[in-house]
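The chain contents come next:
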Amino acid sequence: MLRRIKGGVHPHDEKKSTDDKKIAVLPLPKKLFVPVHQHIGQPSVPVVKAGDEVKKGQLIAESADGRGTPVHSPTSGKVTEIGNYPHPLYGKSPCVVIESDGLDQWQEGLLTDRSWEVLSAAEMIDIIFKNGIVGMGGAAFPTHIKLSPPKDKKIDTLIVNAAECEPYLTSDYRTMIEYADDVIKGTQIVMKILGVQKGFIGIENNKPKAISLMKEKCKGKKIEVVELETKYPQGAEKMMIKAILDKEVPSGKLPMDVGCAVQNVGSLKAVADAVEKNIPLIERVVTVTGRTVKNPVNVMAKVGTPFTELFDFCGGFRGANGKIIMGGPMMGMAQVSLDAVVVKATSGIVSIADNEVDLKEELACIRCGRCIDVCTMRLLPNVLSILSEKGQHQTAQTDYNLMDCVECGCCYYVCPSRRNIVHYIRQSKAKNAMLRNAIKTGSK
Amino acid sequence: MTPDSSAETKINLYAPHIMSGDSTGRIIWTVAAAMLPALAYSSFIHGINTLLLILVCAASAVAAEILFQLVTGRRITAADGSAAVTGLVLAMTLPPLLPLWMAAAGSCFAVIAAKQLFGGLGRNLFNPALAGRALLFVIWSGSMRTAWNVTSEGNIPAEKLTSYGIIPQQALDVITSTPPGEGMYNAATVIPWFTESFTAFYDFMIGQNILKALFAGNSGGLTGEAAVILVLAGGVFLLWRGVITWHIPFSFLISLSFASYFFYSFTGSVSPGFITFIHIISGSVIPAAFFMAADPVTSPLTGRGMVIFGTGCGIFTFIIRSAGFYPEAAFWAILLMNAAVPLIDRITKPPVFGLNRSSK
């Protein structure tokens, strides 16, 4: 049975150009710029210094507070410097610069061969933490935190997010096709850690091959493959849970409050690699695509690889670029520099052609109501944008549920007046946060 | 252009980066296009004054907007088409032979007082065209009630059409035989009067073959109701293009039908169904439902709100028609409901995901 959500939009998915392309291996870059900040939270602290020799998989930055994730060297070589270089999300950010020695030599003690079935949940969480695994769907939330819910939250269901609802991206799809066994293994591992009996894999119905392959692999296991309607933002956590279990995560709460954990396909492959082979998260599948990319590909890219290397691998550009985006075009971040690097959360790099960029002027809201029809959180996006324009950020929060917005961008996508409603909402959220901080510090 | 930190950048860095490609300009010009067949046919039937009336309304609306924006130092936004559409909608609501300077005055009032003073496109509370018409009606009620095209030269094209068999002879009879100011210049206004002697009303309607006249020719009505069928086609076009949704027109027509049917049933009419039908196809109800009530700016935001709004329009139309005195009750009903939109929006806020319903 096909599961549906209310609201949402149907952008042209543009996946054709890469969905049949096998994951290629990128030639070893000469220099890697590995950011120490690759998860949500405090940046990690480098433990190497300029001049140190490092091996592939060696720890180069450790968690600052025990909650963040460590970072490992993606290849063997020499640390030339620790300095600020372009980060795809945080502007210029501290990076460990590693000059590759071309040998790509693993550190000793890695590449083990152990079975997850003999390990305990606590041991596996520790392994996941030590190997620096984060949510690879784009949010980069540390996986070990997600897998250690507070004692009073009983989790009974694991949902594997394989919707990949963003246009253009095919990295999760290729991971499912080429690493199906690893994905299933990762799912079983996480199910064991959380002690859940029931797992679901939610896949949009524009990926029939992945659905049939996963169904076949899940036979005899407690995992059910669920076919989802192809619709953006089906892959948003709350929408996944709604479509599969028909549960609504209460406002301001997390999936664990309805007994759910949601994990991305890529993260599960990384979990399987970490637990069985002790391989840290140092490379990931990246879709490099867009209308101006000569030869779009899916590529296994090391963390810290500059985008320029990826585009060179694709044969460069044809035609004029408008924007380069890390992530999908609906929620990704436009880049100001092609020197930005692949991080653990880089699911894809998409080029938007010059003529696709909409520079038309923003007009007043004509109350057509399209944003309301597509809002999956059932908010009044146009009202929020107008309140933000007027500076009534508090009203937006108290009367119009500002904080429930998940910033999926459907409202802007459909807006005939080209109002960047999401951006107005982000501004309101930021203004309110500033006000809260001011009140907090003022009352001390 | 390659993204480059040094380049002076106009691009928006924040997601989303793609759009559906729809535009407000397209929506507004689609509305204009949907009105054109009905207006063109009207000009054809009523003659040159009507054509000029339509052009003057649109041109003076655009001129008024540009002038206002020049004087107040705002950005000129006439290209979005909203002023032109206001003018066209106003023309629909005027008698075909109204003096042109009155039409121009109404247009200027509509754009400046009812739209620009409220903050311009998207911020006006009342439908500008209907506000303009209301003003004209209050000031020049004489002309607004008598400038119908009944026996003038404007009927020559209608005669031609009849001789070619395009419109029926009966329709022409209605057009040419009804004197102005009395009798059937507008079906809506005669309905309350005829409820007292229903048989006469029934004979009158059937005898003159009013149905054919309303659909194919004209019933001596406003510019916008020369041919109800063309107005309806325009409305369906808007529905098909997704410019309006079904909520308002349908709830409007259905609630008016219900109110009329029950009223005439309970007051002992022989054929409540027939009178209800006349209610729907006459007195500008169809143009009002599709082109004026369904205006997104002055109607509620959510589907539920729109249904409340449309239902209110239908009921007020019936009340004003049967108890009141003004013709074109539908326009007054819409203005009344426009005032209620902020309230309707407030009580029909959608239930936020994960908030109003506890998780199952």
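Report on the accompanying structure.

Residue and element names in this part refer to chain A. In the sheet, strand β4 (residues 53–54) pairs with strand β7 (residues 77–87) via two bridges, with the strands oriented antiparallel. Along β7, the bridge assignment pairs Glu53 with Lys78. By the bridge criterion, ten bridges tie β7 to strand β8 (residues 91–100) in an arrangement that is antiparallel. Bridging from a neighbouring strand, Gly83 pairs with Cys95 of β8.

This model, assessed by the stated rule, comprises eleven aromatic pairs over all chains. Between Phe311 of chain A and Phe317 of chain A the ring centres are 4.7 Å apart and the planes differ by 40°, which places this aromatic pair in the tilted class. Grouping aromatic residues by their ring pairs yields a cluster made of Phe258, Tyr261, Phe262 and Phe266 of chain B. Above the face of the Phe200 of chain A ring, Lys198 of chain A is positioned so that its terminal group lies 5.4 Å from the ring centre. It is Arg241 of chain B that lies over the ring of Trp240 of chain B; its NZ or CZ is 5.2 Å from the centre.

Residues and elements named next belong to chain A. Read from one edge of the open sheet, four strands run β11-β10-β9-β12, paired in parallel fashion. Among the strands making up the open sheet, the edge pair consists of β11 (223–228) and β12 (260–264). Each strand axis lies, on average, 25° off the axis of its neighbour in the sheet, ignoring direction. Where helix α4 (residues 180–194) meets the sheet, its contacts fall on β9 (157–162), β10 (198–204), β11 and β12, and the angle it forms with β9 comes to roughly 150°.

Bringing a nonpolar patch on the surface into the picture now. All names here are of chain B. A contiguous nonpolar patch, built from Trp246, Phe250, Ile254, Phe258, Tyr261, Phe262 and Phe266 and spanning about 810 Å² of accessible area, is present on the exposed surface. Here Phe262 lies in helix α13 (residues 247–266). Residue Phe262 is classed as partly exposed on the basis of its relative accessible area of 41%.

Moving on, we come to the interface of chain A and chain B. Contacts between the two partners involve 67 residues from chain A, matched on the other side by 44 residues from chain B. Where chain A abuts chain B, roughly 5,000 Å² becomes buried across the two surfaces, and 58% of that area is made up of carbon and sulfur atoms. Where chain A packs against chain B, one counts three salt bridges. Taking the shortest distance from any N to any O, the salt bridge between Asp345 of chain B and Arg367 of chain A comes out at 2.8 Å. One can count 17 residue pairs in polar contact (both at pLDDT 80 or more) joining chain A with chain B. Within the residue set of the side of chain A that touches chain B, elements represented by two or more residues are α6 (237–245), β15 (321–326), β16 (333–334), α9 (370–374), α10 (381–390), α11 (393–400), α12 (410–414) and α13 (421–443) of chain A.

Rules used in this analysis
Residues numbered from 1 in each chain as written. Chains lettered and ligands numbered in written order. Predicted model: local features only at pLDDT ≥ 70, side-chain atom pairs only at ≥ 80, totals over all residues. Heavy atoms only, no water. Pairing = 2+ DSSP bridges. Helix = DSSP H or I, 4+ residues; strand = E, 2+ residues; numbered from the N terminus. Phe/Tyr/Trp six-rings, centres within 6.5 Å; stacked < 30°, edge-to-face > 60°. Lys NZ or Arg CZ within 6 Å of the ring centre and 35° of its normal. Axes fitted to C-alpha atoms, helices over the stretch in contact; angles between N-to-C directions. Contact = heavy atoms within 4.5 Å. Patch = residues over 30% accessible without salt bridge, like charges linked within 9 Å, V, L, I, M, F, W, Y side chains within 5 Å. Areas by Shrake-Rupley, 256 points an atom, 1.4 Å probe, with all protein chains shown as cover. Salt bridge = Lys/Arg side-chain N within 4 Å of Asp/Glu carboxyl O. Buried < 20%, exposed > 50% of the residue type's maximum accessible area, 1.4 Å probe, protein only. Buried area = accessible area lost by both parts, 1.4 Å probe. Polar contact = N/O pair within 3.5 Å; in protein donor to acceptor, adjacent residues only side chain to side chain.

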